[in-house]
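# Close look at the chain arrangement
Listed below are the residues making up each chain.
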Amino acid sequence: MIGAIEAGGTKFVCAVGDETGNIIERIQIPTTVPEETIPRVIDFFKQYSIKAIGIGSFGPIDVNRESATYGHITSTPKPGWRDFPFVQAIGDVFSVPIGFNTDVNAAALGEATFGAAKGLDSCLYITVGTGIGAGAIVQGNLLQGLSHPEMGHILVRRHPNDVYRGKCPYHHDCLEGLAAGPAIEERWGVKGDLLVDRMEVWEMEGYYIAQALMQYVLILSPKKIILGGGVMKQEQVFTSVYQYLQEFVNKYVVLPELSEYIVSPGLGDNAGITGSLMLGYQALLEAK
Ligand code: ADP
Ligand code: ZN
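Because the structure is a prediction, the values reported are computed rather than measured. (Residues numbered from 1 in each chain as written. Chains lettered and ligands numbered in written order. Predicted model: local features only at pLDDT ≥ 70, side-chain atom pairs only at ≥ 80, totals over all residues. Heavy atoms only, no water.)

## Concerning the coordination of the zinc ion (ligand 2)
Only His153 (ND1), Cys168 (SG), His171 (ND1) and Cys174 (SG) from the protein reach the zinc ion (ligand 2) as donors, at distances of 2.0 to 2.3 Å. Geometry at the zinc ion (ligand 2) is tetrahedral, judged from the 4 donor atoms that bind it and their angles of 102 to 120 degrees at the metal. If you list the donors of the zinc ion (ligand 2) from N- to C-terminus, the spacing comes out as H-x14-C-x2-H-x2-C. We classify cysteine 168 as buried; its relative accessible area is 2%. (Donors = N, O, S within 2.8 Å, 3.2 Å for Na, K, Ca; no water. Tetrahedral: all angles 85-135°; square planar, octahedral: opposite > 155°, others 65-115°. Buried < 20%, exposed > 50% of the residue type's maximum accessible area, 1.4 Å probe, protein only.)

The structure is reproduced here in structure tokens:
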């Protein structure tokens, strides 16, 4: 049996399952402070005989195995979690191989193994929710350099009608600062799902996401793009993304039919936890 942790800013999903992506048992634990959340994670896994654990975590995190702070959550503003040694906290209790990556890289892995990008050696998974982040599979591997990608914080051109300052504490009007759920809510002064009938909201959202996608397409040339997260539950954002991407790319690169190229997660809300399971399986294979 393999353990999986999808660590989000609001909740942790813990699961046990196998390498076929089959989830046998799962629980949700609210993300409060590590002293509270982590013991509950440990209690859950103690019920099972686990051979490996995969962790897909909110970040930024240190994924560089050569680093002294490998396995830590690093610069999060979330109280209590800054510099938290995640892999060590789990590894102290369970002496099994541990895979550790970002939540979005895990989701990309889940989708490439069992979801909308199944069978492809290249895909991009983007979440538009409380934050914006993306994970990528490039030539069969999760994309990693000095650290993991941080594609949510790229700079975008402002929509001509947008006077909102932006919500990112680091960059103000980066993509996340202008287009994540909390930015939408602050700009329009209403909760996201109450804005359903406001066309201008989703048109502007599509304008920003399409710019990001254009840059990802030009740089990474992914074979499939998967758009997940709470904001993408508004189907009309896809329509706006398709229109603007068409306009921005302007036939410079040839793309597949956009409604087949840019899609919702095939695994629905299970992309992250399934990918975390596969991170555990990869760690198990590497340890052998
Ligand atoms: P998280 O990013 O914490 O994992 P979500 O992906 O559900 O969680 O993102 C939560 C954000 O998405 C909220 O800030 C909210 O603004 C927005 N959101 C959630 N559901 C919807 C919806 N149905 N329509 C529009 N926005 C939504
Ligand atoms: Zn930013």
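## Quick notes on the pairing of strand S3 (residues 23-30)
Examined bridge by bridge, strand S2 (residues 11-17) and S3 share 7 bridges and lie antiparallel to one another. Bridge assignment links valine 16 to a residue of S3, and that residue is glutamate 25. Adjacent in sequence and paired antiparallel, S2 and S3 are bridged by 5 residues, among which glycine 21 carries a positive phi angle near 90 degrees. (Pairing = 2+ DSSP bridges. Helix = DSSP H or I, 4+ residues; strand = E, 2+ residues; numbered from the N terminus.)

## Side note on the packing of helix H3 (residues 103-114) against helix H9 (residues 271-287)
Viewed as axis vectors pointing N to C, H3 and H9 meet at an angle of 85 degrees, and their least axial separation amounts to 7 Å. Here H3 lies roughly perpendicular to H9, going by the angle between them. In this structure, H3 uses Ala106, Ala107, Leu109, Gly110, Glu111, Thr113 and Phe114 to contact H9, whose residues at the interface are Ala271, Gly272, Thr274, Gly275, Ser276, Met278, Leu279 and Gln282. Residues of the contact of H3 with H9, tallied by class, amount to 7 nonpolar, 7 polar and 1 charged. (Axes fitted to C-alpha atoms, helices over the stretch in contact; angles between N-to-C directions. Parallel < 35°, antiparallel > 145°, perpendicular 65-115°, else oblique. Contact = heavy atoms within 4.5 Å. Nonpolar A, V, L, I, M, F, W, Y, C, P; charged D, E, K, R; others polar.)

## Some details on the nonpolar core
In this structure, Ile126, Leu213 and Ile262 are the most contacted members of the largest nonpolar core, which totals 41 residues. Of all the elements in the fold, those that place two or more residues in this core are strand S6 (123-128), strand S7 (132-138), helix H4 (175-179), helix H5 (181-188), helix H6 (199-220), strand S9 (225-228), helix H7 (236-249) and helix H8 (258-261). At 11 residues, the largest contribution of residues to this core is made by H6. If we ignore the near neighbours within four places in the chain, the residues touching leucine 213 are Ile126, Ile225, Leu227, Val241, Leu245 and Ile262. Listed in part, the 28 residues of the second largest apolar core include Ala7, Ile38, Ile50 and Phe94. (Core = buried A, V, L, I, M, F, W, Y, C linked by side-chain atoms within 4.5 Å.)

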